[in-house]
Structure formats: C-alpha cells, structure tokens
Amino acid sequence: PLGPRIPPIGRLREDWWMRPTWMSGHWSAHRLLGSHNLVPFAAVGWAIVVAALIGVGGNLGVRGALLVSALPLVGAVVSRSTRGTLIGLAVWLVALGLIRRLVSSGIGASVSHDPLLLVGPAALGALFIVSAGRGAFRRKTPLASSVLLLSLLALVEAFNPLQGGFLIGIGGLLLVLFPLLAFWVGRVLVDRALLRQLLRLLSVLAALDALYGLVQQLAGFPSWDLRWINSSGYTALNVGGFDRAFGSSSSSQEYAVFLGIGLVLWVALFRWGRFVWVVLQIMAVALIGTALVLESQRSALVIVVFALGAMAAARTGRRPTGALLAGALFLLVLYFGVSQFASTGNTQATATNSTSALTSHLVSGIANPTGQQSSLPGHLSRVESGIASGFTEPIGHGTGAITLAASNLGSAAQLGTEFDPGNAAVA
C-alpha cells in the first residue's frame, strides 16, 4: 500500500518509457510539461508574478510585467480549450477597466500606453488563428464577405500616412480590426450551447456591474475610481456638476452599453419556474434597469427599448419588417411616457444631488430630442459630416485617426464621429 501502484500488465503501453515511470514512482518531464498540465502552472506563475510586482514603483513597469506574465497563460488556455478561453475572455474584458484602476492604486494614476490592453487582442488573435484553421472563411455569406472587406480596408488604412504615424495605425488596428476577429471566431468555435453559456455569463456579469455602478452613484466612488476620474476624466462624464457611474468599465458610455446588453439578455432568457427563481430574475431586471436610468445615457436607453420591441415581435413570429416597426412603436411609447414626467422646473441647474441631475438630464433629452439640452442634433451632424468626408476624401485619414490612438500614441487629432458609419467613412 505504501509503494507505487503497478497497473495490470494488460494496461501497459508499448511507449511506457516515455510516460510517467510507474516503477520509479515519479513523473517524467514529458508528462509534467505536457499541454494538459501547462495551464495550472501558468496560472500559478501568473499569480506569483502579479503578487510580487504589484507594489513595485513605476506604473508602466507593473503593467508590462502583468502583460508578459499573462500572454503565456493566454496561449496555454487556447491550446487546451477554446471554450474556456472564450469564457475567460468575456470575464477579462468586463473587468478590464477595474483591473487597470486597481493596478494603478498607490503607484500612479496614468493609464496611457497600458500594456494590459494587449491581453484581449492577444486572446482574440490566438482564437482567430484556430478559427481560420477550422474553416472560418469557407462558405462565406454576404455578411461574411462584407466583414472581410471591412477588415481588409482597416488593415490597409493602418498604413495611411495622413493619420500621423505608423504607431497610430497599429493602435487603430488593436481598437478596430481585432474586435472584428470575433466574427470569425463565432462562425466556427461557438455552437448553440456555448452561445447560451456565454449569454448567461454576460447577464450575470451585467447584474454585478450594475450593482457596483449603483454603489458608485449612491454611496460614492472608491479611491481607485476617484483617482481615475481626476487623471483621466472627460467632459461627458460630468452632468450638472455630478459624475456618472462607470462600473468596471473605462468609460460611462461603455458601461451604459453593457448594461443595455445585460438588460436585453435577462428579458430574453427569462423563464417561469420556481418562485424564488422568478423573483431573482425580476430583481436582476430591476437592478440593471435602475442603473441604466441613473447612468443617464440616452442613446443606450433608446437602443435598449428599440431592441426589446424588435425582440418581442420576433418572438411572435413577425418578419424583420414587423420587428423594426415594433421597435419604433416601443420608442413612441417611451417618448410619450417620458414626456409625462418632463418638467420645466426640474433641470440639471437646480438639481441638488446626482440622482435628480442625472434623471432630469435623461428625461429632458428624450422628451425633447431636438431641444437645447439634447445632444442628438450634434451626434447626427457629426455622423453626416463623417459620411460626407468618405466621398470628398476617399483616401481617408487612417484607421488610427478615429480612435484614441491618435492622441495617446501621437500628437494627431482624433477624428472619430462616435458612431460606426461616420467613423468608417473618415478612416
């Protein structure tokens, strides 16, 4: 009982000398360093490096060390399980903004030139290589051909000299081309079961993010979030003298979009069953809905309401045209419903707390979408001018010109129009 367990002779294999030597009772290096056992070793090594370097001075150095230690883990996970990598990537991207702020805590507040931003593209790039080998480009549909054309244009425009430098173009690829790689990953690596698992995971993460955002909004921002606001805040973050919540994201707009996705997912995945489960689903919808309203991002709320209407029509078997009409009908209901709460006396200027300032900002913009307090005319004007520039300047300004890479990786001006049609034309 105290010695090595010897398997029956019939279970021995001819290549037993390349396997763990059961006669000597220890594991061979071949088995120890096999891909099947590489993931836990990489994960432990990553945790050790992070723990050792988290207190080292020099913000950029810590992030670089985190990147170097995380990339082998990405490769190991991809080689072992694409499904696990996709799930881990979803969690990483949701928590990335918070992780960057926590790493900054106590060692500086700058988040420019952050190497941690390369972990997501590295994982997507590895998954894309796997997808291409499994036939991602076979049997292309018109949609797939369009995505391929857009990707090739983004790649070519990364070398456009008008954007201000080659480094800006590389940064633009990370922010424009690499997210498009997820399309090809989804074509071959995501089946119905994995898709449902990912959507359920994202719905739970959205509820947790909404809870964190409500804590920021109602109880106050933690020290690491305040440090980020003071160093990297932007004009749209402040409404009526109060800062919007941004949850675990890097911006309030990203946070609002993720809340919208989570709300739609909870409604889509809603199931009747045990009383406790039904109550939990209703509480999650109420939690995310409250956080979305207090976030005061009008475009995100409008998109969510439209999506809910289109989804309701699709569930009843309506054709795409009927779904679009249902979405428009839901928007009309939102407009008339919000108009009932609009009041000339309740404005951002007279607001005494963040809740009243943010709700009045939301209500005034939806009730009067073309008024002075609405940003919709400005958004439409920027998109219109961006699309027009695609005809007047067909060479474009480069992939990096429409992203933050223009200012963070160079001295060029950012020419983004905030929405994809205008951005694509400008680039």
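Q: Kindly report on the overall build of the protein, identifying the contributing residues and their values.
A: Within the protein one finds 17 helices and two strands. A total of 427 residues make up the protein; the buried ones form 38% of that total. Pairs at least 24 apart in sequence give 70% of the contacts found in the protein among residues at least 6 apart.

Q: Which residues make up helix H14 (residues 354-367), and what are the values?
A: Between its first and last C-alpha, H14 extends 20 Å over 14 residues, near the 20 Å set by a 1.5 Å rise per residue. Within H14, twelve of the 14 residues are buried, leaving the element largely enclosed by the surrounding structure. In this structure, the buried residues of H14 make contact with helix H8 (192-219), strand S1 (238-239), strand S2 (242-243), helix H11 (275-295), helix H12 (298-315) and helix H13 (320-339).

Q: Tell me about the packing of H8 against helix H10 (residues 252-268), and name the residues and values.
A: Contact geometry of H8 with H10 gives a least axis separation of 8 Å together with a crossing angle of 130°. As far as their axial angle goes, H10 and H8 are oblique. H10 is crossed by H8, and the crossing has left-handed handedness. Residues Leu 199, Leu 202, Ser 203, Val 204, Leu 205, Ala 206, Ala 207, Asp 209, Ala 210, Gly 213 and Leu 214 of H8 form the contact with H10, whose participating residues are Tyr 255, Phe 258, Leu 259, Gly 262, Leu 265 and Trp 266.

Q: Describe the nonpolar core, and please don't skip the residues or the numbers.
A: Ranked by internal contacts, the top residues of the largest apolar core, which has 31 residues, are Leu 259, Ile 288, Ala 291, Leu 292, Leu 301, Val 338 and Ile 366. Those elements that place two or more of their residues in this core are H8, H10, H11, H12, H13 and H14. Take this core: its biggest share by element is eight residues, from H10. If we ignore the near neighbours within four places in the chain, the residues touching Leu 259 are Ala 206, Ala 210, Ile 288, Ala 291 and Leu 292. By size, the runner-up hydrophobic cluster in this structure holds ten residues, among which are Leu 89, Ala 90, Leu 189 and Leu 198.

Q: Break down helix H7 (residues 166-189) for me, citing the residues and quoting the values.
A: For H7, with 24 residues, the first-to-last C-alpha span of 33 Å sits near the 34 Å given by 1.5 Å per residue. Remark: the principal bend of H7, roughly 35°, maps to Leu 173. Buried residues of H7: Ile 168, Gly 169, Gly 171, Gly 172, Leu 173, Leu 177, Leu 181, Trp 184, Val 185 and Leu 189, and no others.

Q: Report on the pattern of salt bridges, specifying residues and quantitative values.
A: Any two side chains of opposite charge can pair if their charged atoms end up close together. Under the defined criterion, the tally for this structure stands at three salt bridges. The salt bridge partner of Arg 382 is Glu 418, with a shortest N-O separation of 3.0 Å. Residue Arg 382 is located in helix H15 (residues 376-392), and its partner Glu 418 is located in the loop between helix H16 (405-408) and helix H17 (420-426); the two are separated by 36 residues in the primary sequence. On the basis of relative accessible area, Arg 382 is assigned to the partly exposed category, the value being 36%.

Q: Kindly report on a positive patch on the surface, identifying the contributing residues and their values.
A: Taken together, the side chains of Arg 192, Arg 196, Arg 200, Arg 271 and Arg 315 present a region of like positive charge at the surface. The element contributing the most residues to the positive patch is H8, with three residues. Tracing the backbone shows Arg 271 in the loop between H10 and H11.

Q: Describe the environment of Leu 124, naming the residues involved and giving the relevant values.
A: By the element assignment, Leu 124 lies in helix H5 (residues 119-133). We classify Leu 124 as buried; its relative accessible area is 11%. The spatial distance from the C-alpha of Leu 124 to the C-alpha of Ala 182 is 6.7 Å, given a sequence separation of 58 residues. Beyond its immediate sequence surroundings of up to four residues, Leu 124 is in contact with Leu 89, Phe 178, Pro 179, Leu 181, Ala 182 and Val 185.

Q: Lay out the environment of Leu 152 in plain terms, naming residues and giving numbers.
A: Of note, Leu 152 is situated in helix H6 (residues 142-157). Judged by its relative accessible area of 45%, Leu 152 is partly exposed. With 25 residues separating them in the primary sequence, Leu 152 and Leu 177 have C-alpha atoms 8.7 Å apart.

About the cut-offs
Residues numbered from 1 in each chain as written. Predicted model: local features only at pLDDT ≥ 70, side-chain atom pairs only at ≥ 80, totals over all residues. Heavy atoms only, no water. Helix = DSSP H or I, 4+ residues; strand = E, 2+ residues; numbered from the N terminus. Buried < 20%, exposed > 50% of the residue type's maximum accessible area, 1.4 Å probe, protein only. Contact = heavy atoms within 4.5 Å. Expected span 1.5 Å × (residues − 1). Axes fitted to C-alpha atoms, helices over the stretch in contact; angles between N-to-C directions. Parallel < 35°, antiparallel > 145°, perpendicular 65-115°, else oblique. Left-handed = near helix turned anticlockwise from the far one by under 90°. Core = buried A, V, L, I, M, F, W, Y, C linked by side-chain atoms within 4.5 Å. Bend = angle between axes of the 7 residues up to and from the residue. Salt bridge = Lys/Arg side-chain N within 4 Å of Asp/Glu carboxyl O. Patch = residues over 30% accessible without salt bridge, like charges linked within 9 Å, V, L, I, M, F, W, Y side chains within 5 Å. Areas by Shrake-Rupley, 256 points an atom, 1.4 Å probe, with all protein chains shown as cover. Lys, Arg positive; Asp, Glu negative; His and termini not counted. Charge placed at Lys NZ, Arg CZ, Asp CG, Glu CD.

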